[in-house]
Amino acid sequence: MFDNLSDRLQGIFSGLRGKGRLTEDDINSAMREVRMAMLEADVNFKVVKQFVARTKERCLDAEVLDSLSPTQNVIKIVTDELTELLGRTDSKLVLSSRIPNVIMLVGLQGSGKTTAAAKLAYRLKAEGHSPLLAACDVYRPAAADQLETLGNEIGVRVFRGDGKDPVAIAEGGIKDAIANLRDVVIVDTAGRLHVDEQMMEEAQAIKRAVKPDQILMVVDAMTGQDVVNVAAAFAERVDFDGVIMSKMDGDARGGGALSIREVTGKPIKFISAGEKPDSLEEFHPDRMARRILGMGDMLSLIESAVKVQQEEEEKAETERLMKSQLNLNDFITMNRQIRKMGGVSKLIAALPGGEKALGQGQVDEGALDRMEVIINSMTKAEREKPELLNGSRRARIAAGAGVHVSEVNQLMKKFNETKKMMKKMMPAVEDMGNKKGKK
Ligand code: GDP
């Protein structure tokens, strides 16, 4: 699904990405290609026209063209507009307070209504409801048998009534649901291969009789822009609240899915990508738009760029530490790491003979906190260049931290010892690093 369109659009934008600046001509020719790609995906031509006009206008804005990364902005605009086309916000199925709730499914024959009915029942059951399926498709041979089999599979009651009169079966289904404490009735209606007067009248009659809380139209994703005519006919004659797009797992070009919202104003509520009862998913326009534009890949690209940057920063940090340019900020970081690892006692306990050593003397866990308070009382310059800390500065810091100046001296002593120790250790660490690098 959407594979071709997706490839085409991604190709157009990777072409733009190679350019530093974008001109009006670049946008015009990119939008011409977008137009072609969408028409080839069988999106309704009016929808394409409006989509391209909106997108182009936003992309030609001087702010976009003169921005630091115009191509990124263009991609963002296209993602936004695609999301808008697909329905902007998620459109969840909300049940009303009426019990039983009635959901009626309409659509052409073969669109996937019967399977969608079972999938919806399966979903509602998993959410804690107790649905009932009413088999009102009395024309398609074996439709009721198919529903019964699916119902058995998912453990949902199926009402078949006399198997002849669709209106009576729908009404009987509601009575049966009340008698059997079911809180949602899903009415599967009959479709025809094409829009047909009798089908519409029957759907209207069922609607009048059971007054559904929601009517969902099931649309086969393989239908291209022809969906516009079918959906418009259903919208006019029975009206519906939302769409279930079935067969999204096929290699459909996606035209129907991209056209239906714009043409009918009705949101896609669910998509189904498989024949199994658990293959009905809620539809998220933003995710779908990003998928079409291959944003998953772009996101991972950004993620790996950030990772490289972090690695560079870590490398610079290690180099600084290796040159023993340890400063008091590093000291705070070390302190915090020790705390994260469970404090000094835990660290000592983990060392050989540590448990024994701990048994003999007290560890002052509060020392770490006091150290941090003292360092926090220093100026930024003092923390970065501890050699600045003369007598008068130390007295000021001690007063600020509320400790005796001897504690500041003690901290500086510890700091200098650590620095010396690191200087001694570094050649060995460096050596280890070189060996690892040579492997
Ligand atoms: P109805 O005439 O509208 O009731 O259509 P059905 O529910 O009988 O579906 C027609 C065919 O499409 C059946 O073979 C289904 O198994 C199949 N089908 C329905 N939904 C999907 C789907 O999401 N993916 C795939 N691959 N097949 C589906």
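Because the structure is a prediction, the values reported are computed rather than measured. (Residues numbered from 1 in each chain as written. Predicted model: local features only at pLDDT ≥ 70, side-chain atom pairs only at ≥ 80, totals over all residues.)

Caption draft 1: Main features of the overall build of the protein chain. In terms of regular secondary structure, the protein chain is built from 20 helices and eight strands. Sequence separation of at least 24 residues holds for 74% of the intrachain contacts in the protein chain that already meet a minimum separation of 6. (Helix = DSSP H or I, 4+ residues; strand = E, 2+ residues; numbered from the N terminus. Contact = placed C-beta atoms within 7 Å.)

Caption draft 2: Looking closely at the site of the ligand. Lining the immediate environment of the ligand, one finds 19 residues, of which Gly112, Lys113, Thr114, Thr115 and Ser272 sit closest. Per-element tally for the shell around the ligand: the top contributor is helix α6 (residues 113-126), with three residues. Looking at the shell around the ligand residue by residue, the class counts come to one nonpolar, 13 polar and five charged. (Near = placed C-beta within 6 Å. Nonpolar A, V, L, I, M, F, W, Y, C, P; charged D, E, K, R; others polar.)

Caption draft 3: Molecular detail of the packing of α6 against helix α7 (residues 143-154). Their axes nearest at 10 Å, the elements α6 and α7 cross at an angle of 25°. Classified by the interaxial angle, the pair formed by α6 and α7 is roughly parallel. As for the relative orientation of α6 and α7, their crossing is right-handed in sense. Seen from α6, the contacting residues are Thr114, Ala117, Ala118, Ala121, Tyr122 and Lys125; seen from α7, they are Ala143, Gln146, Leu147, Leu150, Gly151 and Ile154. Of the residues belonging to the contact of α6 with α7, the class tally is eight nonpolar, three polar and one charged. (Axes fitted to C-alpha atoms, helices over the stretch in contact; angles between N-to-C directions. Parallel < 35°, antiparallel > 145°, perpendicular 65-115°, else oblique. Left-handed = near helix turned anticlockwise from the far one by under 90°.)

Caption draft 4: Spatial organisation of the UniProt feature "domain: SRP54-type proteins GTP-binding" (unreviewed entry) in the protein chain. Residues given the UniProt feature "domain: SRP54-type proteins GTP-binding" (unreviewed entry) here are residues 267-280. Taken end to end, residues 267-280 is 0% helix and 43% strand, and its first and last C-alpha atoms sit 16 Å apart. (UniProt positions renumbered as here; feature names shortened; annotations may be inferred.)

Caption draft 5: Structural view of the pairing of strand β6 (residues 242-246). Burial runs high along β6: five of the five residues are buried. With burial as the criterion, each face of β6 is covered, one bearing Gly242, Ile244 and Ser246 and the other bearing Val243 and Met245. When strand β5 (residues 214-220) meets β6, the two strands line up parallel, connected through five bridges. Within β6, the residue paired with valine 218 across the bridge is isoleucine 244. Handedness of the crossover joining β5 and β6 through helix α10 (residues 227-237): right-handed. (Buried ≥ 20, exposed ≤ 12 C-beta atoms within 10 Å, placed from the backbone. Pairing = 2+ DSSP bridges. Right-handed = clockwise from strand over helix to strand, strands pointing away.)

Caption draft 6: Structural detail: the sheet that holds strand β7 (residues 268-272). As summarised here, the arrangement of the eight strands in space is β3-β2-β4-β1-β5-β6-β7-β8, forming an open sheet in which the pairing is mixed. Two strands bound the open sheet, and with one partner strand each, they are β3 (157-159) and β8 (280-282). Pairwise comparison of adjacent strand axes, ignoring direction, gives a mean angle of 25° for this sheet. One ladder, built from five bridges, connects strand β1 (residues 101-106) with strand β4 (residues 184-188); its direction is parallel. Looking at the pairing, leucine 105 lines up with aspartate 188 of β4. Each of β2 (131-135), β3 and β4 is contacted by α7, which is oriented at about 165° to β2, the strand it contacts most. On the sheet, helix α9 (residues 197-210) packs against β1, β4 and β5 and is oriented at approximately 175° with respect to β1.

Caption draft 7: Structural view of the packing of helix α2 (residues 24-40) against helix α3 (residues 45-59). Put simply, α2 and α3 touch, their axes get as near as 10 Å, and they point 155° apart. The orientation of α2 with respect to α3, classified from their angle, is roughly antiparallel. The two elements α2 and α3 meet at a crossing, and its hand is right-handed. Facing Ile27, Met31, Val34, Arg35, Met38 and Leu39 of α2, the residues of α3 in contact are Phe45, Val48, Phe51, Val52, Thr55, Lys56 and Cys59. Partitioning the contact of α2 with α3 into residue classes produces ten nonpolar, one polar and two charged.

Caption draft 8: Geometry of α6. Taking 1.5 Å of rise per residue, 14 residues should cover 20 Å, and α6 covers 20 Å from first to last C-alpha, within 8% of that figure. Counting buried positions along α6 yields eleven of 14 residues, so the element is predominantly enclosed. Residues of α6 that are buried include every one of Lys113, Thr114, Thr115, Ala116, Ala117, Ala118, Lys119, Leu120, Ala121, Tyr122 and Leu124, and no others. Positive backbone phi, at 100°, marks glycine 128, one or two positions downstream of α6. (Expected span 1.5 Å × (residues − 1).)

Caption draft 9: Looking closely at unusual backbone geometry. Of note, the bond from isoleucine 99 into proline 100 is cis; its omega dihedral lies within 30 degrees of zero at -5°. Phi is positive for aspartate 42, which is not a glycine, with a value near 70°. Residue placement: aspartate 42 occurs in the loop between α2 and α3. Residue classification places aspartate 42 among the buried positions, given that 22 C-beta atoms sit within 10 Å. With phi around 65°, aspartate 239 is a residue other than glycine that occupies positive phi space.

Caption draft 10: Representation of the pairing of β7. Taken across its five residues, β7 has five buried, putting it largely inside the fold. Relative to β8, β7 runs antiparallel, the two sharing three bridges. Within β8, the position partnered with serine 272 by the bridge is leucine 280.

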